[in-house]
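So you can see what is in the structure, the chains are spelled out below.
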Amino acid sequence: MTTQLTLSDLDVSDGTAMVVDVVSDGSQIGDGFRDRLIAMGLRKGKTVKVLRKAPAGDPYQVRVGSTTEIAIRKTEAKLVLISKS
Amino acid sequence: MIVASSASSVQTKNKIPRIVFIGQPNTGKSTFFNTVTKSNAGVANWPGLTVDFMQANLDNNGKTYEFVDLPGIYDLEGFTEDELVVQKFLENYNFDLIVCVINASQIDRQILMPLQVQRLGLPCVLMLNMADEVKRFGVKINTKELSETLNMPVFTISAKYGSGCVLAIQGIWDKLQTIDDSYKCSDIANFFRSNKVTDNDMDEVCKIGVEMPSEDVTTFSNRLDSILLNRVVGLPIFFISMLAVFLAIWFVGMPLQDPVGNFTDWLQGAAIEPSLSFLPKGFSDFIINGPYAGFAALLGFVPLVAFFFVVMTALEDSGYLSRAAYLMDALMRAAGLDGRGFVLQLFGFGCNVPAIMGTRTIRSKTQRLLSILIIPFALCSARLQVFVFFLGIILPGIVGGFALWLLYIISFVVAFVLAMIFNLSGQFKSKDPFVIELPPYRTPTFKQVALNVWSEMTTFVRNLAIFMIIGTCITWYLTNYPGGAEGMNTYAGRIGTFFQPLMAPLGINPLLTVSLIIGFVAKEVQLAAVATMYGLGEGSDALKTTLGGVITFRQGFSYCLFSLLYVPCLTTVATIWGETKSARFTIFSVTVSMVVAWVVAFGFYQSWGLIFS
Ligand SMILES: Nc1nc2c(ncn2[C@@H]2O[C@H](COP(=O)(O)OP(=O)(O)OP(=O)(O)O)[C@@H](O)[C@H]2O)c(=O)[nH]1
Ligand SMILES: [Mg+2]
């Protein structure tokens, strides 16, 4: 069994990856947060790319698709399942 | 023809048709709202600036219309406080038209909201805003196709630079002519649970009329980020620019007090004195040496505070605040907060009230309370006046500038340490997920900055006038009654003396104690009280000399520390109450700030005494 890659595993040098799914931790906040991530463009089939990591290695600056950029913490990035191209 | 859905219903036509602006955060709703209604709603390049609705009436062809600007929300089914504001609005008020404003350069995801509105069956006009950025990014949109697929009028505009706005506004009026009903929603969140707008629906629409650019372009913002967010120099640049800003406020603002002083002196001789000459001599003397002298002294701060707001507005509009959140997130985490908490603290430097309201974007209740608890420690622009005034007396020149900067640092450190302590105590233990948008850098326009500063300054001067009258009257009464009493026998003296056991260890004398009590109302009132007690009958210039003679640096700085940390003003307390709806929490918050103020001022005053005596 291969472990599922998430956005938190992605490095700046990896370039672009593809979102496979966005999951929730099951709580109410988690479900709402999943919807928020999707509304920010992190949905299946979209590309993501880590532009840089903050001085402490966390959060990440991530480009979603071509025109959206976000800052996301590592723990939250774990909710975004990806596949490297 | 629009058919209402199960979550929307037709109502009898509003007498005053209501037009509602909705859209994701930071898409330019407030900017467009200001263009349409010529009002002055707050605008910033920070997602989540508007957290409450703003309303303005507008006449067209002899008929009145009401426009409402709502907070930005990511989708209509969310449940954070700011998202609930929108849902509740649509569920409680009848409206006639929805104007959906999206950032068209992100249409591939922002198409969600127009689709949701369409699904609700509500009449809507879609604004594709940020036409300038769309062009720069190379996004291609076929508005005609889009309009047909969505079955709603679509306009391309640039709310900031004005292009397309005339046509778009005409489009709103035209659309309104065709609507015979008013609408209202019910249980929106539930509706979308069973009628979700899927990825597929969004892709479907975008496939037809939208072409997005390549994923690996390097934009101007990317290049700037590679310096400002650099792992090595990013944080140092941030701190150095902050220091530069606060020193600039001091060095630009202080010298500008003189021309204002000359003006108010001139005004006094040329207009105030002659126009009061009909009053009995004693009474006109009171007005000129009391409220007017105080007002004149504080009016000297106008350039300084205006400059402060110029810098703040430019900073808010630039997009750097989101970057600050990104840079500071790791540090804030140690206190149980996140990058947003840091930016709210920066907002608090302007005024604590909107910053406290800004916590609505935080989902976790406990984390939100923790933020609310520490925002009142942010050195707001009203306290800035108190410090500039006192530091000008106890530390003239460049040292004063650094002392001011030090107070800003103390303000942040105290907030941070308290958050850390409360977080450790477990009471506010929480973890709110953290993700924010990093919008492109945007150049603040002169018009935006000027408008914002103008509205801040008119409020400032109005508050000054009102508070000055209240403050001087209360103080005058307290320092002159009971009849015949003098010095420590007056009410002020008695109150001050009563608190001496508590305040003497801080080096705060009875009169200054009274000013602190009066300052509970607002910091402007506090200054008015000081001015009245020390300056009455001697004019504004003499005030500084008098005070300089009676307080030492040690006492003055202790007074500043106490003023910095204790309850900022009644409005802030009322806002905390309003936002938390908890009297217990409000009392707790007030108590915490009183205790902290006392402890810090005590610590400073006593240790200074130990070291330098
Ligand atoms: N380039 C560009 N920037 C714009 C345009 N319209 C607005 N802006 C900028 O976008 C930012 C957000 O504008 P606001 O009007 O505060 O957005 P909002 O939708 O009210 O945001 P929230 O209240 O946070 O939901 C500000 O920096 C504006 O100056 C535009 O047409 N072009
Ligand atoms: Mg707004």
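Thresholds applied
Residues numbered from 1 in each chain as written. Chains lettered and ligands numbered in written order. Predicted model: local features only at pLDDT ≥ 70, side-chain atom pairs only at ≥ 80, totals over all residues. Heavy atoms only, no water. Phe/Tyr/Trp six-rings, centres within 6.5 Å; stacked < 30°, edge-to-face > 60°. Lys NZ or Arg CZ within 6 Å of the ring centre and 35° of its normal. Axes fitted to C-alpha atoms, helices over the stretch in contact; angles between N-to-C directions. Helix = DSSP H or I, 4+ residues; strand = E, 2+ residues; numbered from the N terminus. Parallel < 35°, antiparallel > 145°, perpendicular 65-115°, else oblique. Left-handed = near helix turned anticlockwise from the far one by under 90°. Contact = heavy atoms within 4.5 Å. Nonpolar A, V, L, I, M, F, W, Y, C, P; charged D, E, K, R; others polar. Buried < 20%, exposed > 50% of the residue type's maximum accessible area, 1.4 Å probe, protein only. 1 Å grid on protein atoms, 1.4 Å probe; cavity = no way out; pocket = protein on both sides within 12 Å on 5 of 7 lines; lining within 4 Å. Points joined across faces, edges and corners; volume = space filled by probe spheres on them. Pairing = 2+ DSSP bridges. Core = buried A, V, L, I, M, F, W, Y, C linked by side-chain atoms within 4.5 Å. Near = heavy atom within 4 Å. Polar contact = N/O pair within 3.5 Å; in protein donor to acceptor, adjacent residues only side chain to side chain. Areas by Shrake-Rupley, 256 points an atom, 1.4 Å probe, with all protein chains shown as cover. Sits in = over half its atoms within 2 Å of the grid points. Expected span 1.5 Å × (residues − 1). Bend = angle between axes of the 7 residues up to and from the residue.

A.B. asks: Would you explain the packing of aromatic side chains in this entry?
C.D. replies: Each aromatic ring pair is summarised here by two numbers: the centre-to-centre distance and the angle between the ring planes. Residues and elements named next belong to chain B. Going through the model one piece at a time under the given rule, you end up with 36 aromatic pairs over all chains. Among the aromatic residues, ring-to-ring pairing joins F21, F32, F33, Y65, F67 and W173 into one connected group. A cation sits over an aromatic face here: R323 above Y441, 4.1 Å from the ring centre. One cation-aromatic arrangement involves R554 over Y605; the distance from NZ or CZ to the ring centre is 3.8 Å.

A.B. asks: Just to check I follow, could you spell out the packing of helix α20 (residues 398-425) of chain B against helix α27 (residues 553-565) of chain B for this structure?
C.D. replies: Each packed pair of helices is defined by two parameters, the angle between the axes and the distance between the axes. All names here are of chain B. In contact at an axis separation of 11 Å, α20 and α27 are set at 40 degrees when each is read in the N-to-C sense. Judged on the interaxial angle alone, α27 and α20 are oblique. Considering how the two elements wind past one another, α20 and α27 form a crossing that is right-handed. Contact residues: α20 offers A403, L406, L407, I410, S411 and V414, while α27 offers F557, C560, L561, L564 and L565.

A.B. asks: Mind showing me how you'd approach the packing of α20 of chain B against helix α29 (residues 583-612) of chain B here?
C.D. replies: Residues and elements named next belong to chain B. The geometry of α20 relative to α29 is characterised by a closest axis approach of 13 Å and an angle of 125 degrees between their N-to-C directions. Comparing their axes, α29 and α20 come out oblique. For the element pair α20 and α29, the recorded crossing hand is right-handed. Each of V414, L418 and F422 in α20 lies in contact with α29, whose residues at this interface are F588, V592 and V596. Grouping the amino acids of the contact of α20 with α29 by side-chain chemistry returns six nonpolar, no polar and no charged.

A.B. asks: Teacher, can you tell me more about unusual backbone geometry here?
C.D. replies: Across residues other than glycine, the phi torsion is negative in most instances, and most of the peptide bonds are trans. With omega at -5 degrees, the peptide bond leading from D58 of chain A into P59 of chain A counts as cis. Considering the arrangement of structural elements, one finds P59 of chain A in the loop between β2 (47-53) and β3 (60-64). Its identity as a non-glycine residue notwithstanding, D187 of chain B has a phi of 45 degrees, on the positive side. If you trace the backbone, D187 of chain B turns up in the loop between β9 (182-185) and α8 (188-194). Of the residues examined, D187 of chain B reaches a relative accessible area of 44% and is grouped as partly exposed.

A.B. asks: Teacher, can you tell me more about empty space enclosed by the protein here?
C.D. replies: Unoccupied space between atoms shows up once a probe the size of one water molecule is rolled over them. One pass over the structure, following the stated rule, counts four cavities of 30 Å³ or more. Taken as a whole, the largest cavity encloses approximately 240 Å³ of empty space. Every residue lining the largest cavity is counted, 21 residues in all, and those nearest its centre are R36 of chain A together with Y74, R340, T361 and V435 of chain B. Within the residue set of the lining of the largest cavity, elements represented by two or more residues are α1 (28-39) of chain A together with α2 (81-92) and β11 (435-437) of chain B. Looking at the lining of the largest cavity element by element, the count peaks at three residues for β11 of chain B. Per-class residue counts for the lining of the largest cavity are ten nonpolar, four polar and seven charged.

A.B. asks: When you look at the sheet that holds strand β3 (residues 54-60) of chain B in this model, what are you seeing that I'm missing?
C.D. replies: Either a parallel or an antiparallel arrangement is found when strands of a sheet pair, and the pairing is made through backbone hydrogen bonds. Residue and element names in this part refer to chain B. Ordered in space as β3-β4-β2-β5-β6-β8, the six strands form an open sheet in which the pairing is mixed. The open sheet is flanked by β3 and β8 (154-156), the only strands paired with a single partner. Within the sheet, the average angular offset between the axes of one strand and its neighbour, ignoring direction, is 20 degrees. When strand β2 (residues 18-22) meets strand β4 (residues 63-69), the two strands line up parallel, connected through four bridges. Looking at the pairing, V20 lines up with V68 of β4. Against the sheet, α2 makes contact with β2, β4 and β5 (97-103), and its axis sits at roughly 160 degrees relative to β2, the strand it touches most.

A.B. asks: Could you clarify how one ought to interpret the nonpolar core in this entry?
C.D. replies: Taken as a class, soluble globular proteins show a tendency for nonpolar side chains to be buried jointly. All names here are of chain B. Counting residues in hydrophobic clusters, the biggest one holds 121 residues, and the most contacted among them are L384, F387, F390, L391, L407 and F562. Here this core takes twelve residues from α20, the largest share from any one element. In this structure F562 touches M503, L506, I508, L516, A597, W598 and A601, once residues within four positions along its chain are discounted. Residues F32, L76, I102 and A159 belong to the second largest nonpolar core, which totals 92 residues.

A.B. asks: What am I meant to see in the environment of A314 of chain B here?
C.D. replies: Residue and element names in this part refer to chain B. Following the sequence through the fold, A314 ends up in helix α14 (residues 302-318). Residue A314 is classed as partly exposed on the basis of its relative accessible area, which comes to 26%. Note: C-alpha distance between A314 and G493 (179 residues apart in sequence) is 45 Å.

A.B. asks: Is there a simple way to explain the site of ligand 1 in this structure?
C.D. replies: All names here are of chain B. Inspection of the region around ligand 1 gives 26 residues, with K29, S30, T31, T50 and D132 positioned closest. Residue G28 places a main-chain N or O atom 3.0 Å away from an oxygen atom belonging to ligand 1. Out of a free accessible area of 660 Å², ligand 1 has 99% covered by protein chains. More than half of the atoms of ligand 1 fall within 2 Å of the grid points belonging to the second largest pocket. Elements that contribute at least two residues to the shell around ligand 1 include exactly α1 (29-37) and α5 (131-137). Per-element accounting of the shell around ligand 1 gives the leading share, three residues, to α1. Among the residues forming the shell around ligand 1, the class breakdown is eight nonpolar, twelve polar and six charged.

A.B. asks: Teacher, can you tell me more about helix α15 (residues 320-333) of chain B here?
C.D. replies: Since the α-helix advances by 3.6 residues per turn, residues separated by three or four positions end up pointing in the same direction. Residues and elements named next belong to chain B. Given a rise of 1.5 Å per residue, 14 residues ought to cover 20 Å, and the 20 Å separating the end C-alpha atoms of α15 matches this to within 8%. The largest bend in α15 is about 45 degrees, located at L327. When you tally the buried positions in α15, you get eleven out of 14 residues, the bulk of the element. Every buried residue of α15 is listed here: Y320, L321, S322, R323, A324, A325, Y326, L327, M328, D329 and M332.

By themselves, these are just geometric observations and shouldn't be taken as functional.
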